[in-house]
Amino acid sequence: MKIAVKICGVTTPDAVAAAASAGAQMLGFVFVSKSPRHVALPIAAQLAAQVPTGVRSVGLFVDPSDAELEAVIGRVPLAMLQLHGDESPARVADIRSKFPLPVIKALGIARAQDLAAADAYAPLVDYFLFDAKPPSKVSALPGGNGLAFDWRLLQDAKVSKPWLLAGGLTPDNVGQAIAESGAKGVDVSSGVETRPGVKDISLIQSFLRAAQAVS
């Protein structure tokens, strides 16, 4: 089975082209203003228009308002929404009722008990993304911090929806992460950058090769 790969925080046409041509199934565009990977609407619209058929454009949001979602979805051709904040199950259901796009819900994991949160969301989402819990400092981003958690926590997890593994993945460790977690899909952002927000074409290609080598 081929490992699904999502390259998140894409900000340039070169990164879009490199990720798609190397075999990524999903490309993430970040709509969080404080993130170094944030893309303005006109640029996001241009980038998403360049995503080839068969690759899904994913919009990443953190606790978005309806107005924020409407503004983006009205201009950017997205295939999925990624909710990466503290959205409650009720809020996820509300978003699903108003915006008919598949949803990825990100959950922060630090210990086995954190996986229990997935149960309440499972009827409402299409995918989970299990990421390392962000640092407690106020300035920390919800994701893209380059932090990993104990991948073995997911080995025997009973999750009723497909899920992606994220958090601290790089071309060097993604194979080990897949082996230890049993992941069928992975998500990377900072692990293919030369600095926050700047994707490296060769690292994107190396990451995809490493993930696909496990398939």
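Cut-offs applied
- Residues numbered from 1 in each chain as written.
- Predicted model: local features only at pLDDT ≥ 70, side-chain atom pairs only at ≥ 80, totals over all residues.
- Heavy atoms only, no water.
- Buried < 20%, exposed > 50% of the residue type's maximum accessible area, 1.4 Å probe, protein only.
- Helix = DSSP H or I, 4+ residues; strand = E, 2+ residues; numbered from the N terminus.
- Pairing = 2+ DSSP bridges.
- Arc of directions from axis to C-beta.
- Contact = heavy atoms within 4.5 Å.

Caption draft 1: Just unusual backbone geometry, in detail. At D63, a position not held by glycine, the phi torsion is positive, near 45°. For D63, a relative accessible area of 39% corresponds to the partly exposed category.

Caption draft 2: Spotlight on the pairing of strand β1 (residues 4-8). Within β1, four of the five residues are buried, leaving the element largely enclosed by the surrounding structure. Pairing of β1 with strand β8 (residues 185-188) involves four bridges; the strand directions are parallel. Its bridge partner being in β8, K6 is matched across the sheet by D187. As paired strands, β1 and strand β2 (residues 26-30) are joined by three bridges and run parallel to one another.

Caption draft 3: Spotlight on helix α4 (residues 89-98). Regarding α4, the residues found buried are R91, V92 and I95. Along α4, the residues classed as buried sweep out an arc of 100° about the axis, all on the same side. Looking at α4, the residues exposed on the side facing more than 90 degrees away from the buried face are A90 and S97. Lining the buried residues of α4 we find α3 (66-73), β4 (80-83), β5 (103-109) and α5 (118-121).

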